Amino acid sequence: MLESCTTKKQMLYLQDLDSYSNSTLTYTSPKIQPNDILKIEVGDLNPLVAAPFNLSAGVAGAQSNVEMMKLSGYLVNPQGNIMMPILNEVKVGGLTPANVEAKVKERLISENYLVNPTVQVRVLNNKFTILGEVNAPGVIPFSEESISLLDAIGLARDLTYSAIRKDVKLIREVDGKRLVYHVDLTTASWMSNPNFRIRQNDVIIVQANTLKVNSGGLIKDPIQVLGIVASLAALIIVIAK
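This one's a predicted model, so the numbers in the text were calculated from it and none came from an experiment.

## Some points on the overall build of the chain
Line of reasoning, step 1. On a plain count of helices and strands, the chain comes out with seven helices and 10 strands.
Line of reasoning, step 2. Counting the 241 residues in the chain, one finds 34% classified as buried.
Line of reasoning, step 3. Considering only residue pairs separated by 6 or more positions, the chain has 62% of its internal contacts joining residues 24 or more positions apart.
Line of reasoning, step 4. Surface exposure of the chain reaches about 14600 Å², of which carbon and sulfur atoms provide 59%.

Set out below in structure tokens:
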């Protein structure tokens, strides 16, 4: 009986969701980090004058295959820089994609290369890692700038029955620092916090409850052992009588 006791407060998601209805949402753009792969497209009314600034120009299939785009993209080095044709080194680390768009456009105009260019920047290798008590752990790619934590759990096919929902760990590296957040999925209070949107290279750890952890040892579970001992004691008493 004790072994099977799991309350609704431990299992159900967002139990106070109604209390946070109509709450204000805040979105922030993730910052570009080392090892990101960027796709930067420079456009102009005359495509011929913009072509030299596009690294993937002339690469067969680069515009239709994500893996090909990664191979022909800009890899951000450990110093946060990329090397663009003609413009050479461009500092992108710590900037949002929108910041990079504005920076590249400003250089194209100020250095008299183009008059009215358009610049589009996207991170091509967005992914997160989810481990522990989920039905499909692993490294999972996504195409958006960020996704919600619930989206990430959905991509991992939900938490298992043995997962601790009150303390899901989110690990993130920002500007050379490692941050660790703790999320209680049984409440909705975290949903308005932009820090809890999943970004590039995030790691989600879902720990197992005590019963699941104990089941991995030599003595699987003290309660089960107690049940076995009680059964043996009862058998001995019957035989003795």
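Picking up where we left off.
## As for the pattern of salt bridges
Line of reasoning, step 1. Taken as a whole and judged by the stated rule, the model has six salt bridges.
Line of reasoning, step 2. A salt bridge links K70 to E67; the nearest nitrogen and oxygen atoms lie 3.5 Å apart. Taken together, the residues span about one helical turn, with K70 and E67 both in helix 3 (residues 66-71) at a distance of three residues.
Line of reasoning, step 3. The residue R178 makes a salt bridge to E173 at a minimum N-O spacing of 3.1 Å.
Line of reasoning, step 4. Given the relative accessible area of 52%, E173 is considered exposed.

## Concerning the sheet that holds strand 2 (residues 74-75)
Line of reasoning, step 1. The strand order across the open sheet built from three strands is 2-1-5, with neighbouring strands paired in antiparallel fashion. Since the sheet does not close on itself, it has two edges, and those belong to strand 2 and strand 5 (118-123), each with one partner.
Line of reasoning, step 2. Here two bridges tie strand 1 (residues 37-43) to strand 2, and the two strands are oriented antiparallel to one another. Within strand 2, the residue paired with L38 across the bridge is Y74.
Line of reasoning, step 3. Against the sheet, helix 4 (residues 97-110) makes contact with strand 1 and strand 5, and its axis sits at roughly 145 degrees relative to strand 5, the strand it touches most.

## Structural notes on the packing of aromatic side chains
Line of reasoning, step 1. For the coordinates displayed, the defined rule picks out three aromatic pairs.
Line of reasoning, step 2. Taking 5.5 Å as the distance between ring centres and 65 degrees as the angle between the ring planes, the aromatic pair formed by F53 and Y113 counts as edge-to-face. Taken as a pair, F53 in the loop between helix 2 (47-50) and helix 3 and Y113 in the loop between helix 4 and strand 5 lie far apart in primary sequence, 60 residues in all.
Line of reasoning, step 3. By relative accessible area, F53 is classed as buried at 3%.
Line of reasoning, step 4. When the centroid spacing of 6.2 Å and the interplanar angle of 45 degrees are considered together, the rings of F128 and F142 count as tilted. Separated by 14 residues along the polypeptide, F128 in strand 6 (residues 127-132) and F142 in the loop between strand 7 (138-141) and helix 5 (149-155) bring together distant segments of the chain.
Line of reasoning, step 5. Taking relative accessible area as the criterion, F142 reaches 8% and is therefore assigned buried.

Reading the values: rules and limits
Residues numbered from 1 in each chain as written. Predicted model: local features only at pLDDT ≥ 70, side-chain atom pairs only at ≥ 80, totals over all residues. Heavy atoms only, no water. Helix = DSSP H or I, 4+ residues; strand = E, 2+ residues; numbered from the N terminus. Buried < 20%, exposed > 50% of the residue type's maximum accessible area, 1.4 Å probe, protein only. Contact = heavy atoms within 4.5 Å. Areas by Shrake-Rupley, 256 points an atom, 1.4 Å probe, with all protein chains shown as cover. Salt bridge = Lys/Arg side-chain N within 4 Å of Asp/Glu carboxyl O. Pairing = 2+ DSSP bridges. Axes fitted to C-alpha atoms, helices over the stretch in contact; angles between N-to-C directions. Phe/Tyr/Trp six-rings, centres within 6.5 Å; stacked < 30°, edge-to-face > 60°.

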